[in-house]
Amino acid sequence: MRRLYLLACLILLCIEFATAQDEGVITRKERIDRSNSFFFGFGPSFTLGDNIGDYSVGFNFETGFQKRLNRVLSIGPSISYLSFRYDPDVTSVSGSAYVGNGDPNGWGAKYALPNLNYNYGYVITLEGGNLSLFSFAVNLKLNLVPIKDNSKFSVYGFAKPFITYVTRGEVTGSDVRYTYEIYEDLGSSGSINDDILYYNLGDGTFYQDGYTGNWGPNSYDALKSGTEITGGIFIGPGIEVMPTKVVSIFLQAAFVYTFPVTFVSTQSYEPSIESYLDDNFPMTKKGFPSVNIQLGLSFNF
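These lines cover the structure that appears in this document, whether it is placed above or below. (Residues numbered from 1 in each chain as written. Predicted model: local features only at pLDDT ≥ 70, side-chain atom pairs only at ≥ 80, totals over all residues. Heavy atoms only, no water.)

Some points on the nonpolar core
Counting residues in hydrophobic clusters, the biggest one holds 30 residues, and the most contacted among them are Tyr55, Ile124, Leu131, Trp215 and Phe288. Broken down by secondary-structure element, the contributors of at least two residues to this core are strand E3 (73-86), strand E5 (116-128), strand E6 (131-143), strand E11 (247-264), helix H3 (273-276) and strand E12 (283-300). Sort the elements by how many residues they give to this core and E5 lands first, with six residues. Excluding residues within four positions of it along the chain, Tyr55 makes contact with Thr47, Phe84, Arg85, Tyr86, Asp87, Val90, Gly129, Asn130, Leu131, Phe263, Val264 and Phe288. (Core = buried A, V, L, I, M, F, W, Y, C linked by side-chain atoms within 4.5 Å. Buried < 20%, exposed > 50% of the residue type's maximum accessible area, 1.4 Å probe, protein only. Helix = DSSP H or I, 4+ residues; strand = E, 2+ residues; numbered from the N terminus. Contact = heavy atoms within 4.5 Å.)

A short note on the environment of Asn115
In this structure, Asn115 sits in the loop between helix H2 (107-110) and E5. Spatially, the C-alpha atoms of Asn115 and Gly102 are 9.6 Å apart, while their sequence positions differ by 13 residues.

So, the pattern of salt bridges
Scanning the entire structure with this criterion turns up five salt bridges. With a closest N to O distance of 3.8 Å, Arg68 and Glu240 form a salt bridge. In this pair, Arg68 sits in strand E2 (residues 55-68) while Glu240 sits in strand E10 (residues 226-241), placing the two residues 172 residues apart along the sequence. Across this residue pair, the class does not change: Arg68 and Glu240 are buried. Between Glu240 and Lys141 there is a salt bridge, with the nearest N and O atoms lying 2.9 Å from each other. You can see Glu240 sitting in strand E10 and its partner Lys141 sitting in strand E6, a full 99 residues away along the chain. For the residue pair Glu240 and Lys141, the accessibility class agrees, reading buried in each case. Each member of the salt-bridge network shares a partner with another, and the members are Arg68, Lys141 and Glu240. (Salt bridge = Lys/Arg side-chain N within 4 Å of Asp/Glu carboxyl O.)

Digging into unusual backbone geometry
With the exception of glycine, most residues fall at negative phi, and the peptide bonds are largely trans. Cis geometry is adopted by the peptide bond preceding Pro282, which originates at Phe281 and carries an omega value of 5 degrees. Residue position: Pro282 is located in the loop between H3 and E12. The backbone of Met242 sits at a positive phi, close to 55 degrees, despite the residue not being glycine. Inspection of the secondary structure puts Met242 in the loop between E10 and E11.

Observations regarding the environment of Tyr120
Along the chain, the position of Tyr120 falls in strand E5. Tyr120 sits in the buried class, given a relative accessible area of 10%. A C-alpha to C-alpha distance of 9.6 Å links Tyr120 and Gln208, two positions 88 residues apart in sequence. Apart from residues no more than four positions distant in its own chain, Tyr120 is found in contact with Tyr98, Val99, Gly100, Asn101, Gly102, Pro104, Arg177, Tyr178, Thr179, Phe206 and Ile273.

Shown next, in the form of structure tokens:
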């Protein structure tokens, strides 16, 4: 009798356990009332790392559609716009020069000074070269804690592989030549009139020698505007307030890596006359990392 009683109790426990399991499965499969959403967000963008071109603060905007597949995973497409303006305060040539050695003024031949040799350099001023990236992405959003219909907030991570159409504005500018430390190996020729070499003050300072020139895409192919198609990925964390209400607010930060693209980067060149005369100066082509901060709204239905 005692064994029969124990067996009955065991059967009841098994039934209760199975029922609980069924309810658990149903609970996991239960869908959120508002599983679709349109969203948009915007905010500032910043280049990331050393030698990422002559750019500083930019701007980003994104809009898209998102569908919750369950309480953890959401997926959907989006389009975004990211722009960076050329910033002359970032360029490496501000207040310095691309320096060489020789006689670009031709004074040696003009004044019969065959051994005339001095340091000189070009200080350049640039403008233009703004970058704009129009991207199409596939959003993969993972809630770190499964959400419910009454969730007040959620913390999530996301990854967004994208393809992008990049445009770069044309670059224009001017250059000014400076000289310093002019000297003459006189040998047996005696003395010369130092008035001719009035920059030779021995103070290591550059003095403008009167030469100025203008840069533009009509003279240098590298300065022309350009377009490219490339790709990359957004990845980062975010937080969303009232994620299952009609309107929710989110704040997120995205590390953005864009595959190699051409942009203005004077820092990619040594401060030499050889760099100044390089046909590709001041452009470089490589990966472009940045960070987006984005505040936005979602309309859930």
